[in-house]
Structures are given as C-alpha cells and as structure tokens.
Amino acid sequence: MADTAVQMTGVGDVDNNVSRTPVSTRMSFSSPRRGATVSFHNINYSVKMKSGFMCKRKVTQKNILIDGVMRPGLNAILGPTGSGKSSFLDVLAARKDPAGLSGEVLIDGAPQPPNFKCLSGYVVQDDVVMGTLTVRENLRFSAALRLPKSIRQREKDEKVEKLIQELGLSKVANSRVGTQLIRGVSGGERKRTNIGMELIIDPPVLFLDEPTTGLDASTANSVLMLLKRCQSPNLFCIMIYIFSCAAAPHKFLCDLINILINISYFVEFLCQIMKISQWRKLYFIYILYTDYLYIWLEQLSSSLKGIEDRLVEEYKNSASYKLTKSELERITQGQDYSTRPKSRTITYSTSFFHQFNWVLKRTFRNLMLNPQTSFAQIGVMIFLALVVGAIFFGVEENSSGIQNRMGALFFITTNQCFSSISSVELFITERKLFVHEYISGYYRVSVYFLSKILSDVLTLRTIPAVIFSCVAYWMIGLKASAEAFFIFMFSIVLVSYTATSMTLAISADQTVLAIANIFMTISFVFMMIFSGLLVNLPSVADWLNWLKYFSIPRYGLAALEINEFTGLKFCDMTNVSSTLVEVCTTGEGFLSKQGITYSTWGLWQNHLALGIMTLIFLIIAYLKLRFIKKFT
C-alpha cells in the first residue's frame, strides 16, 4: 500500500544524463509544467526516541539510511508502520529538522535551494484547509499569496478556474469545504482541494504524505487518477524505496520487496503483451510478490545465514541495486556534497501589505461564518449584562450601596478576565494550518499574528465589552455622567485586552487545549485573590504583597472604583440613644481604607499598567509563535 508519494510532474527522458543546471529560487509560471529528477545520496537521519516514565525513561536512537533516485512521474514510498516513510518524505521535501541529518538531496543534479520547500508542493496527511471557506475561495487564497504579484489578479483567477476544471471540482466550487459544525464537501473533494492549493504554483516536485489515508477505495482511486493525469501517461511508475536491512533489520519483509523489485521488469513485459492497465499491474505485482515470498521463505529456513545478512547480500547482487548505484555515481561524478551546511530559508512572492490584506479578510470571514464564536459570545455577554443589571438594579447611596457597587464591579472585572479564556484556541486550533502555510511561503509570521489579533480584539473583545457596558452600567445605576460611563467602558475593554493577551502568551506554544485552559484558570484564580475585594491588600504580609502587581483584576477593579466612588457620599440613618442620626462617609474615605490612591494619576496609572502588560504579553505571544517548532 502506498503510504507516501512523490510526483515529479512533466515529461522527460529517464535515460538521458541528469542536468546540472542549478535549481532557480524563483519559478516561471509562463512555461509548461516540467518535472524534476530527485536523487538522494548517503541520507542518514538519526532520531532519539524516548519511552517510559521520567524515572525509568529509555532513550534509543533510530537511524534511517537510504540512497536512490526518483525520476519524473509518479513515485511511491512503501513500507509498514514505523519504517520511516514520512520521515524520509520530509527529508526529501526539506521539511525535516537539519539536526541529525546528513547526506544530500539533489534536484536535477544540483543541491536543493535554501527555499526549496517554498518552490515545491507538499500535501500533508491531515487536510489543512480553511473549512469555512468555499473550494474556490481557498484556491484563490493560495493563488493570491503564492503566485508573484507581477501576475494580475485576473490571470490568477483564470488559473484558479482552469485548475478547478482539471480537478473535477466544478460542481462544488462554491460549496464550503466543511468543519466539525458545518457540513461540506466529500473526503475526496477535500483532498483534491488540498492538492489544488499546491498545484496552483506549478511545482516541479509535488510531495504527498499518505494521500489516500481515510478514503474509501473509490475515492482513493479518484485521487490517484488525478495525480496520474497531472503528469505524462508514459512516465507513470511506482518506485519502491525501502530502507536497507542494515538500518532496519526487523523490517525484513520491506527489504524483501527491494530484492523482488527485479520482477517488475518481467511484469511490465507481460502487461504490455496482455494490455493490462496500470492499476491491474499493481495487483499483478502484488500476487507475484506474494507467491514468491512463500517460496523464498521456505528456502531461507534451511539457510545457515541470518535473515538480515541474506537480504543485504541478495539486494546488493540485484540488477536494481547496480543500476541505481551507477546512476547515483553519474549524477555526483565524484563531488562531495555531504559537508555542505543545510540552510533553510522561507521566501515570499508577495509584499507584507498584500499578505496582510488577504489574511485579514480570510480571518474576518472565518469569524463571520463561525456563529458559535462570534454571535454566540455577543449573545452571552448581553445575557450576563441583563443578569448583573437585574441583580444589582438601582444601587443606592448608602452602606448597602457600597457593598453592591463593589460586588458589581468585582463581578464585571473577573467576568472580563474569564471570558477571555475563549481566545485560548486562537492559535491552537489552526496550528497545523499556520505551520503548513508559513513554511510553504504563504505569509510572514507577523502577518498572521496581526491578523488574528485584530480580528479577535475587534470582534470578540471590543464589541461584546461595549454592549455589556451599555446594558449593565445604566441598569445598575452607576454614576450618571458621560465621562464616568466612557471611563468605565474604556477600563473593562482594557481589562479584556490584557487578559486576552495573557491567554495568547500562555497558549501560543501549546498543542493541547485542555492544558492551556488549566494554566489560564489557575492564573486568573490567583489574580482574583489579589484583586482587592477578597482580601484587604494593605493587610497582606510584605513577602506576599508584591504579587498584587501581577493581578490584572486589581488594576481593572481599582480603576472602576476610583471612577465610581469619587464624588459620592453614602449616608445611613443610625439609632444613637433613641435618636436617629445620619452617619455619612465619602467615597474617597472608602477608597483610602482600601489602600487606593484616588487622584487623577491614581486612576490612569491603572490603565497604563494594563497597557504595558498587554504589550509585554503580545510580544511574548509573537516570539513563541515566531520560534515555534516548524520542522517535523
């Protein structure tokens, strides 16, 4: 079963000498699709595998050793689970971490350019495509960012329409791809959309990681037929490259296929005589291999030599090994590429502002088409505002009014903090999509980061906070002045921004949503303790009192208290010696007991602190995103 595939599109003579023309770091889109010959020499990739618990953890080293060549056409990498197919494919595609990697991959006899992963196409195993967009919109997005800006948008749209016809997606071009909550196209159509997003740049090499996984037989056949149509029918070939027994002795069956590969020539001859199709030929090869396997195992059981040594010896004596070795020597011609440093560079076909325009539009459209994240949150905020307004409705200017005001302001502040936890999935849910698009040269990290921040801040933080303020402020009956109202609104919006940026800073490098949620919840609970309501901050011991400076609710609550209590007078009628006496206290006096400076600077220093914390958290989030592990 072909788990991974490499397609060198185009027509070429496999018997001709390999050209040494260096691979260009830019692509020409006016020329017809041309295939490339990929050869790999002395590839040695070492990876450390950990198993067991921390106290009894074992570290073993696994090596992948391979040489070979892949000519223009359709090439497949076969092997059982764990044999290193995906790792080998990533090495060929320059998407594997250079650490622990030696050897050289040549394209038409020349070393891979540093930006090879941006010039080639790579279809990952798990479909990475924006499910809320239509098939046409996804292809237009890929064309807009991966094709050079010198190509006019009309020409890009024409290329997209032509590709839709070639992929057989005309009937579903205006249908959404689909998400867990949105029904979309079928699995095969989704896979073809992913392939189309890579074919849009006419790559000389197209890599596909398990393109038929999860598909039924009919859908898998349609995907493979699509790949067959993308290159010359005369060059359709299945090349089996399994690692040598010296590197993986426990995979003797895979190495056996390498020994039996010579039978392919005999099968090819029979297929031409009997006019058997390519797909039946594969089945025919499988039958012959299976029959030969039992015969070979019976002979091997009587042999005194080990399985590994026998396989290595037979493979080295095969014509396939000698042919591959001679071709590899002809390509290198004695030159040593093994000492060249492996450099990985990402290049872009479009400018920063062009990328920002397209990514921001896609992000906003994705939000608008996800009602559970946008409209639902606004609805929840309106509901909470009505509940809070009803509970604290019409607060009075007496001692109970002080308690009710403090309770309402505390709830509003903490609610803004805990509501921001919804942004924890901002980078986690699209992590695979971002990594794939970034290393493929779609856009810069800064473009993606700014687009996500702006869309989340404007849609899910600002609008709900403004609506909440308009409903809750007047229902509660807080200070009736325009200045106080807008300071109130600005304060809770800023609290929401700071809490959201902290959430992003914690979750930017996380892969599991539940773990990020736990970190955020614990952080906000500790911050809530030092907010100024649950404990009188001046009474806290000095060795713990410094923790209040890291509390987001403290700054927000202090700003709201200063804005609300200054200028107010709270009076109660108290019975003193059978005489009712009016006892009054000022809002400034109450703030002083709480250890809050109620001057103008005392108010705005809280906003300044929240702004500085927001900036620091956003920088941390960006750096985490910038240096996230992008190699496999």
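One can find the structure itself at the top, above this paragraph.
Residues numbered from 1 in each chain as written. Predicted model: local features only at pLDDT ≥ 70, side-chain atom pairs only at ≥ 80, totals over all residues. Heavy atoms only, no water.

A. Geometry of the overall build of the chain. Scanning the chain for helices and strands turns up 23 helices and 10 strands. Burial statistics for the chain: of 632 residues in total, 50% are counted as buried. Nonlocal contacts in the chain, meaning residues at least 24 apart in sequence, comprise 78% of its contacts between residues at least 6 apart. In the form shown here, the chain has an accessible surface area of approximately 30000 Å², with 61% of it arising from carbon and sulfur atoms. (Helix = DSSP H or I, 4+ residues; strand = E, 2+ residues; numbered from the N terminus. Buried < 20%, exposed > 50% of the residue type's maximum accessible area, 1.4 Å probe, protein only. Contact = heavy atoms within 4.5 Å. Areas by Shrake-Rupley, 256 points an atom, 1.4 Å probe, with all protein chains shown as cover.)

B. Representation of the packing of aromatic side chains within the structure. For the coordinates displayed, the defined rule picks out 23 aromatic pairs. The side chain of arginine 626 reaches across the aromatic face of phenylalanine 627, ending 5.9 Å from its centre. (Phe/Tyr/Trp six-rings, centres within 6.5 Å; stacked < 30°, edge-to-face > 60°. Lys NZ or Arg CZ within 6 Å of the ring centre and 35° of its normal.)

C. Representation of the layout of surface pockets within the structure. Volume-wise, the second largest pocket comes out at about 1000 Å³. If you list the elements that add at least two residues to the lining of the second largest pocket, you get helix H12 (352–368), helix H15 (425–428), helix H16 (431–439) and helix H17 (445–476). Residues belonging to the lining of the second largest pocket are distributed by class as follows: nine nonpolar, 16 polar and 10 charged. (1 Å grid on protein atoms, 1.4 Å probe; cavity = no way out; pocket = protein on both sides within 12 Å on 5 of 7 lines; lining within 4 Å. Points joined across faces, edges and corners; volume = space filled by probe spheres on them. Nonpolar A, V, L, I, M, F, W, Y, C, P; charged D, E, K, R; others polar.)

D. Highlighting the environment of glycine 602. Mapped onto the secondary structure, glycine 602 falls in helix H23 (residues 600–626). Taking the C-alpha atoms as reference, glycine 602 lies 8.8 Å from alanine 558; in sequence the two are 44 residues apart. Leaving out residues up to four positions away in the same chain, glycine 602 has contacts with Ile562 and Thr597.

E. A nonpolar patch on the surface, seen in detail. Where nonpolar side chains cluster on the molecular surface, the patch consists of Phe418, Val512, Ile515, Ile518, Phe519, Ile522, Val525, Phe526, Ile529, Leu533 and Leu534 and spans about 920 Å² of accessible area. Here the nonpolar patch gets seven residues from one element, more than from any other, and that element is helix H19 (residues 513–529). Here phenylalanine 519 is to be found in helix H19. Judged by its relative accessible area of 39%, phenylalanine 519 falls in the partly exposed class. (Patch = residues over 30% accessible without salt bridge, like charges linked within 9 Å, V, L, I, M, F, W, Y side chains within 5 Å. Salt bridge = Lys/Arg side-chain N within 4 Å of Asp/Glu carboxyl O.)

F. How the structure looks around the packing of helix H21 (residues 552–565) against H23. Between H21 and H23, whose axes approach to 9 Å, the crossing angle comes to 155 degrees. Put simply, H21 runs roughly antiparallel to H23. Our pair here, H21 against H23, has a crossing hand that is left-handed. Across from Ile552, Tyr555, Gly556, Ala558, Ala559, Ile562 and Asn563 in H21, the residues of H23 making contact are Gly602, Leu603, Asn606, His607, Ala609, Leu610, Met613 and Phe617. Residue composition of the contact of H21 with H23, by class: 10 nonpolar, five polar and no charged. (Axes fitted to C-alpha atoms, helices over the stretch in contact; angles between N-to-C directions. Parallel < 35°, antiparallel > 145°, perpendicular 65-115°, else oblique. Left-handed = near helix turned anticlockwise from the far one by under 90°.)

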